[in-house]
Amino acid sequence: YWINDDWKLEEVLLDFEEIHGSHTGENMASIIVEVLKRYGIEGQLLGFTSDSASNNRTLTKALKSQLGQMSINWECEHNHIRCMAHVVQLILSTFMKELKIKVKDEKMPSEFKEKFIEKVKHGLWIH
């Protein structure tokens, strides 16, 4: 994603690479750096958005190292952006677990809404 000279948001999918071998941060960083090199944009990487998986943290550190070997300063601490949708999903999952709500087949039980509304009305959901 980027903003062009006319302040229009642009979006392009550069590549969709299959990962061969382990899904380690180092392995994934090597793939990303190769794609960046292929397009000659290795010095233009601004941010990296991912979920909170530990291999993504390792990936950003490996990106910093590999780009650093090309004399490109890329700060993983500032430029690794955690995906807000994933963060919200983790929060909601924890919240539902605290309410002892079980999701069956990835669908919310139909009686959830009514029971939850009643609990909220009566202040029963706060412990």
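Residues numbered from 1 in each chain as written. Predicted model: local features only at pLDDT ≥ 70, side-chain atom pairs only at ≥ 80, totals over all residues. Heavy atoms only, no water.

### Brief notes about unusual backbone geometry
Reasoning step 1: We note that tryptophan 7 has phi near 65 degrees; this positive angle belongs to a residue other than glycine.
Reasoning step 2: Along the chain, tryptophan 7 falls in the loop between strand E1 (2-3) and strand E2 (9-10).
Reasoning step 3: On the accessibility criterion, tryptophan 7 (72% relative accessible area) is exposed.
Reasoning step 4: Even without a glycine there, the phi angle at serine 71 is positive, about 60 degrees. (Helix = DSSP H or I, 4+ residues; strand = E, 2+ residues; numbered from the N terminus. Buried < 20%, exposed > 50% of the residue type's maximum accessible area, 1.4 Å probe, protein only.)

### Observations regarding the packing of helix H1 (residues 25-39) against helix H2 (residues 54-68)
Reasoning step 1: As a packed pair, H1 and H2 sit with axes 7 Å apart at the nearest point and diverge in direction by 50 degrees. Comparing their axes, H2 and H1 come out oblique. Our pair here, H1 against H2, has a crossing hand that is right-handed. Counting all contacts with H1, which are made through Gly25, Glu26, Met28, Ala29, Ser30, Ile32 and Val33, the residues of H2 involved are Asn55, Asn56, Thr58, Leu59, Ala62, Leu63, Gln66 and Leu67.
Reasoning step 2: Looking at side-chain class alone, the contact of H1 with H2 contains eight nonpolar, six polar and one charged residues. (Axes fitted to C-alpha atoms, helices over the stretch in contact; angles between N-to-C directions. Parallel < 35°, antiparallel > 145°, perpendicular 65-115°, else oblique. Left-handed = near helix turned anticlockwise from the far one by under 90°. Contact = heavy atoms within 4.5 Å. Nonpolar A, V, L, I, M, F, W, Y, C, P; charged D, E, K, R; others polar.)

### Describing the side chain of asparagine 56
Reasoning step 1: Tracing the chain through its elements places asparagine 56 in helix H2.
Reasoning step 2: Ignoring anything within four residues of it in the chain, the contact list for asparagine 56 reads Met28, Phe48, Ser50, Asp51 and His80.

### Describing a nonpolar patch on the surface
Reasoning step 1: A surface patch of nonpolar side chains, amounting to about 590 Å² of accessible area, comprises Tyr1, Ile3, Trp7 and Leu9.
Reasoning step 2: For leucine 9, a relative accessible area of 56% translates into the label exposed. (Patch = residues over 30% accessible without salt bridge, like charges linked within 9 Å, V, L, I, M, F, W, Y side chains within 5 Å. Areas by Shrake-Rupley, 256 points an atom, 1.4 Å probe, with all protein chains shown as cover. Salt bridge = Lys/Arg side-chain N within 4 Å of Asp/Glu carboxyl O.)

### Some words on the environment of leucine 59
Reasoning step 1: Looking at the element boundaries, leucine 59 is found in helix H2.
Reasoning step 2: Taking the C-alpha atoms as reference points, leucine 59 and cysteine 76, separated by 17 residues in sequence, lie 9.2 Å from one another.
Reasoning step 3: Apart from the residues within four sequence positions on either side, leucine 59 is in contact with Gly25, Met28, Ala29, Ile32 and Phe48.

Shape is all these values report; function is a separate question.
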